[in-house]
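# Topology and contacts: notes
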Amino acid sequence: MTEENATPLQPPQTQEDDEEEKAMYAIWAVPEDDVEDRLQRLMEGLRSEFGGPAFDPHLTLVGPFPYKLTASEAKRMFKSACEGFKVYPATVDQVSAGTSYFQCLYVSLRHTVEVMNAAGHFMAHFKPFTGKFYVPHMSILYGDLTEREKKKALEKAYTLDSSLDGLNFKINRVALWITDADVGSWVKVDEHTLIS
């Protein structure tokens, strides 16, 4: 099936779905609490110098879906995708500067079987194959910085936390977010704790 012919996976409709407002959703993987707190402190330190909106630390498993869903539809699909899914390991590769607003500065993760399979599992439940290669990362700063500012921000990240490279941690939760508006108005709709 080519991308042009790909039909987005759509859940069965119910009468109450027809009455609900539709929104764009995304699925995020959430690191264990101590790593989440560590990343939050790093992100706050970077924002204090370079600006940018606040957002929760996360690894995007499925970016905004290519279609809108009601909350009921999204929650049903999310619950189905989470059933039986287990905690999995992840390892930081390095902190990097990107080329887009949403990847201004990010923590790249190693492309392990577990990390790639998790993304594949959730993508299979929510959207068709797009032909884009999945790049596991956790953004730590959103913004439109110059190359010079990005270099400074990268140096600041390593000053704030010099031992991120090679960090091993667990992904123990996944969350369903509405992400179709400005970052400041993103809303967590549901969260699921993965089984050990």
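Residues numbered from 1 in each chain as written. Predicted model: local features only at pLDDT ≥ 70, side-chain atom pairs only at ≥ 80, totals over all residues. Heavy atoms only, no water.

## A short note on the overall build of the chain
A tally of regular secondary structure across the chain gives five helices and nine strands. Residue burial in the chain is summarised as follows: out of 196 residues, 45% are buried. For the chain, restricting intrachain contacts to residue pairs at least 6 apart in sequence, the fraction spanning at least 24 positions comes to 79%. Carbon and sulfur atoms make up 50% of the accessible area of the chain, which amounts to about 10300 Å² in all. (Helix = DSSP H or I, 4+ residues; strand = E, 2+ residues; numbered from the N terminus. Buried < 20%, exposed > 50% of the residue type's maximum accessible area, 1.4 Å probe, protein only. Contact = heavy atoms within 4.5 Å. Areas by Shrake-Rupley, 256 points an atom, 1.4 Å probe, with all protein chains shown as cover.)

## Description of the nonpolar core
Ranked by size, the top nonpolar core spans 58 residues in total, and within it L61, Y88, F122, F126 and I140 carry the most contacts. Those residues in contact with Y88 that sit more than four places away from it in its chain are A29, L59, L61, E114, V115, A118, F169, K170, I171 and L194. (Core = buried A, V, L, I, M, F, W, Y, C linked by side-chain atoms within 4.5 Å.)

## Let's talk about the side chain of K150
Positionally, K150 belongs in helix α5 (residues 147-160). Contact partners of K150, with chain neighbours within four places excluded, come to A97, G98, T99, C104, L105 and L145.

## Some words on the packing of helix α3 (residues 71-82) against helix α4 (residues 113-126)
Across the interface, α3 lies against α4 with an axial gap of 10 Å and an inter-helix angle of 145 degrees. You can see that α3 and α4 cross each other, and the crossing is right-handed. Two secondary-structure elements touch here, α3 through A74, M77, F78, S80, A81 and C82 and α4 through H121, F122, H125 and F126. By residue class, the composition of the contact of α3 with α4 is seven nonpolar, three polar and no charged. (Axes fitted to C-alpha atoms, helices over the stretch in contact; angles between N-to-C directions. Left-handed = near helix turned anticlockwise from the far one by under 90°. Nonpolar A, V, L, I, M, F, W, Y, C, P; charged D, E, K, R; others polar.)

## Quick notes on the confidence of the model for the chain
In low-pLDDT segments, the atomic positions of the prediction should not be examined closely. Mean pLDDT over the chain stands at 88; residues scoring 70 or higher make up 87%. Low pLDDT, under 50, characterises residues 1-8; the predicted model gives this stretch nine contacts beyond four residues in sequence or across chains. (pLDDT = per-residue confidence, 0-100.)

## Comments concerning α5
Its 14 residues give α5 an end-to-end C-alpha distance of 20 Å, which sits within 8% of 20 Å, the value for a rise of 1.5 Å per residue. Those residues of α5 that sit buried are K150, A153 and A157. Projected onto a plane normal to the axis of α5, the buried residues spread over an arc of 60 degrees and lie on a single side. In this structure, α5 carries R148, K151 and T159 as exposed residues pointing more than 90 degrees from its buried face. Of the surrounding elements, those touching the buried residues of α5 are α2 (33-50), β5 (88-97), β6 (105-109) and β7 (137-141). (Expected span 1.5 Å × (residues − 1). Arc of directions from axis to C-beta.)

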